[in-house]
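The lines below spell out each chain.
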Amino acid sequence: MNTDIPKQPLTKKYHLVSIFWLVLIIILLFLSTIITGVDWTELFTNLNQFADLIVKMSNPDWSYFNIITGPLLETIQMAILGTTIGTIFAIPFSVLAARNTVKNPYIRGVVRFFLNLIRTIPDLLLAALFVAVVGIGPTSGVYTLAIFSFGMVSKLFYESIESIDERPIEALRSTGATKMQIIGAAVLPQVFKNFVGYFLYAFEINVRASTVLGYLGAGGIGVYLQRSLSSFMYNQTSVIIITIFIAVIIIDGISNAFQERLR
């Protein structure tokens, strides 16, 4: 009986590969810091300013809450509309982009190129464009969130479709079922729960994103956040931040509870 312990190669014995990647990452971070001119000491030298800002925001003006209730509801409505519209358009595109539903590589390539192109456009740039086209207000925010949701959700959708069980699809194909029948009976039922989860995930992101979009005039509570900051009314800013924080927690809790029911 051979009781010799197998010898490990030097790379594994001394973790040379891991050390190499760690050193490489540190070098890249160091070079990136030099190239971008980032001064990490500024964060610590300016902590007094941060503390001063916290002190100014420590006395919220709760009378301002009645003013921002309407804009907060508008922000949530923008997120609902934008997410819903984007998701509706994402479903057919995700089917066309999945390998197991569309076998033609050219069609898939064109669809995926289009989806990649949409995802490369920042949401702030979209908001600026729509504000210039349709004007200041929630309409531009809804359009922005719809396109943003479409690009993000479509990728999640077609990746989910590609991970389904292929056997129901093959069974329906053997019976001569049409493409639409296969999608309706074998594809969508398998991914329905995932689709709902991705929709809720996109909705949570859009609630936060719509707050930032208000800085560009895309409606919602972000407009009031920008006004309070620009006028140095930090007691009003703290009310807005606390309200947004509570709203996001509530939405996240409802979303998690709904997804638990689907499991």
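If you're wondering where the values come from, they're calculated on a predicted model, not measured in any experiment.

(A) Just the side chain of arginine 112, in detail. Tracing the chain through its elements places arginine 112 in helix α6 (residues 105–119). At 2.9 Å, the side chain of arginine 112 and the backbone oxygen of alanine 97 are in polar contact.

(B) View of α6. Taking 1.5 Å of rise per residue, 15 residues should cover 21 Å, and α6 covers 21 Å from first to last C-alpha, within 8% of that figure. Among the residues of α6, Arg108, Val111, Arg112, Leu115 and Ile118 are the ones counted as buried. Projection of α6 onto a plane perpendicular to its axis shows the buried side chains occupying an angular sector of 115°, all on one side. Opposite the buried face of α6, at more than 90 degrees from it, the exposed residues are Tyr106, Val110 and Phe113.

(C) Region of the structure containing the nonpolar core. If you look at the biggest cluster of nonpolar residues, it comprises 24 residues, and the most contacted ones within it are Leu115, Val153, Ile161 and Ile169. Looking at this core, the elements that each hand over two or more residues are α5 (65–97), α6, α8 (138–162) and α10 (179–213). At eight residues, the largest contribution of residues to this core is made by α10. Excluding anything up to four places from it in sequence, valine 153 contacts Thr87, Ala90, Tyr198 and Ala202. Counting residues in each nonpolar core, the second largest holds 14 residues, with Ile68, Phe203, Val207 and Ile244 among its members.

(D) Highlighting the packing of aromatic side chains. The tally for this structure, following the rule as stated, stands at eight aromatic pairs. With 6.3 Å between their ring centres and 65° between their planes, phenylalanine 232 and tyrosine 234 make a pair best called edge-to-face. Every member of this aromatic cluster is reached through a ring pair, and the members are Phe93, Phe114 and Phe150. In this structure, arginine 227 packs its charged tip against the face of tyrosine 224, placed 5.0 Å from the ring centre.

(E) Empty space enclosed by the protein, seen in detail. Counted under the stated rule, the structure contains one cavity of 30 Å³ or more. Estimated volume of the largest cavity: approximately 30 Å³. Around the largest cavity sit Leu72, Thr75, Ile76, Val207, Thr211, Ile221, Ile244, Ala247 and Val248, which together line it. Of the residues assigned to the lining of the largest cavity, the class counts are seven nonpolar, two polar and no charged.

(F) Representation of the side chain of serine 210 in the model. One can find serine 210 in helix α10. Excluding its chain neighbours within four sequence positions, the residues that come into contact with serine 210 are Thr75, Met78, Leu145 and Gly219.

(G) Inspection of a nonpolar patch on the surface at higher detail. Judged by side-chain polarity, Leu16, Ile19, Val23, Ile27, Phe30, Leu31, Ile34 and Ile35 come together as a nonpolar surface patch covering roughly 780 Å² of accessible area. Relative to the elements of secondary structure, isoleucine 35 occurs in helix α2 (residues 16–36). Take isoleucine 35: its relative accessible area is 72%, and that puts it in the exposed class.

(H) Up close: the packing of α5 against helix α12 (residues 234–262). Where α5 contacts α12, the two axes come as close as 11 Å, and the packing angle between them is 40°. With respect to α12, the axis of α5 lies oblique. In this structure, the crossing between α5 and α12 has a hand that is right-handed. The segment α5 lies against α12, with Phe65, Ile68, Leu72 and Ile76 engaging Val239, Ile240, Thr243, Ala247 and Ile251. Here the residues of the contact of α5 with α12 sort into eight nonpolar, one polar and no charged.

About the thresholds
- Residues numbered from 1 in each chain as written.
- Predicted model: local features only at pLDDT ≥ 70, side-chain atom pairs only at ≥ 80, totals over all residues.
- Heavy atoms only, no water.
- Helix = DSSP H or I, 4+ residues; strand = E, 2+ residues; numbered from the N terminus.
- Polar contact = N/O pair within 3.5 Å; in protein donor to acceptor, adjacent residues only side chain to side chain.
- Expected span 1.5 Å × (residues − 1).
- Buried < 20%, exposed > 50% of the residue type's maximum accessible area, 1.4 Å probe, protein only.
- Arc of directions from axis to C-beta.
- Core = buried A, V, L, I, M, F, W, Y, C linked by side-chain atoms within 4.5 Å.
- Contact = heavy atoms within 4.5 Å.
- Phe/Tyr/Trp six-rings, centres within 6.5 Å; stacked < 30°, edge-to-face > 60°.
- Lys NZ or Arg CZ within 6 Å of the ring centre and 35° of its normal.
- 1 Å grid on protein atoms, 1.4 Å probe; cavity = no way out; pocket = protein on both sides within 12 Å on 5 of 7 lines; lining within 4 Å.
- Points joined across faces, edges and corners; volume = space filled by probe spheres on them.
- Nonpolar A, V, L, I, M, F, W, Y, C, P; charged D, E, K, R; others polar.
- Patch = residues over 30% accessible without salt bridge, like charges linked within 9 Å, V, L, I, M, F, W, Y side chains within 5 Å.
- Areas by Shrake-Rupley, 256 points an atom, 1.4 Å probe, with all protein chains shown as cover.
- Salt bridge = Lys/Arg side-chain N within 4 Å of Asp/Glu carboxyl O.
- Axes fitted to C-alpha atoms, helices over the stretch in contact; angles between N-to-C directions.
- Parallel < 35°, antiparallel > 145°, perpendicular 65-115°, else oblique.
- Left-handed = near helix turned anticlockwise from the far one by under 90°.

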